[in-house]
Amino acid sequence: MADQHLLFVSKPTGYELTAREGEPPSIGSTVELDGSGRYFVSRIGPSPLPQDKRPCAYLQAVPS
């Protein structure tokens, strides 16, 4: 069980990496980010940070 996970958020202005507590959301689920809208989880993979063992959920914007 992971104590923390990362969210890798793809935005029109670039990418954002955020740490959250607990297990990552499952692939295909929807995540609501404060002030940023809704995103779906496209995949779960390793952290993009060197030597970081936390799992990372890669998010894509949900079309409105």
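Reading the values: rules and limits
- Residue positions are given per chain, counting from 1 as you read along its sequence in written order.
- Where totals are concerned, whole chains, interfaces and linings use all residues; where local detail is concerned, this predicted model gives features only for residues with pLDDT of at least 70, and gives and counts side-chain atom pairs only at 80 or more.
- Each side-chain value is worked out from all heavy atoms of the structure, with water and hydrogens disregarded.
- A side-chain nitrogen of Lys or Arg and a carboxyl oxygen of Asp or Glu constitute a salt bridge if their distance falls within 4 Å.
- We treat two strands as partners when DSSP finds at least two bridges between them.
- A run of DSSP states H or I qualifies as a helix once it reaches four residues; a run of E qualifies as a strand once it reaches two. Both are numbered from the N-terminal end.
- Where helices are involved, their axes are fitted lines through C-alpha atoms of the stretch in contact, as for all axes, and angles between N-to-C directions lie from 0 to 180°.
- Between N or O atoms, a polar contact is any pair within 3.5 Å; within protein, one atom must be a potential hydrogen donor and the other a potential acceptor, and residues adjacent in sequence are included only when both atoms are from side chains.
- The contact criterion used is simple: two residues touch if any of their non-hydrogen atoms lie within 4.5 Å.

Here we come to the pattern of salt bridges. Counting across every chain of the model gives two salt bridges. The partner of glutamate 16 in a salt bridge is lysine 11, with the nearest N and O atoms 2.8 Å apart.

What follows deals with the sheet that holds strand S4 (residues 37-46). If you trace the five strands from one edge of the open sheet to the other, you get S2-S1-S5-S4-S3, paired in mixed fashion. Every interior strand has two partners, whereas the edge strands, strand S2 (14-21) and strand S3 (30-33), have only one. Strand after strand, the sheet turns through a mean of 35° between neighbouring axes, direction not considered. Sheet topology note: the strand S1 (residues 4-11)/S2 ladder contains eight bridges and is antiparallel.

A separate point is the side chain of serine 29. Looking at the secondary structure, you find serine 29 in the loop between S2 and S3. One polar contact links the side chain of serine 29 to the main-chain carbonyl oxygen of serine 26, over a distance of 2.6 Å. Dropping the residues within four chain positions of it, serine 29 is found in contact with Tyr39, Phe40 and Val41.

Let us look at the pairing of strand S5 (residues 55-61). Taken together, the four bridges between S1 and S5 define a ladder with parallel strand orientation. Looking at the pairing, leucine 6 lines up with cysteine 56 of S5. Where S4 lies against S5, seven bridges are found, and the strand directions are antiparallel. The residue bridging tyrosine 39 from the neighbouring strand is alanine 61, located in S5.

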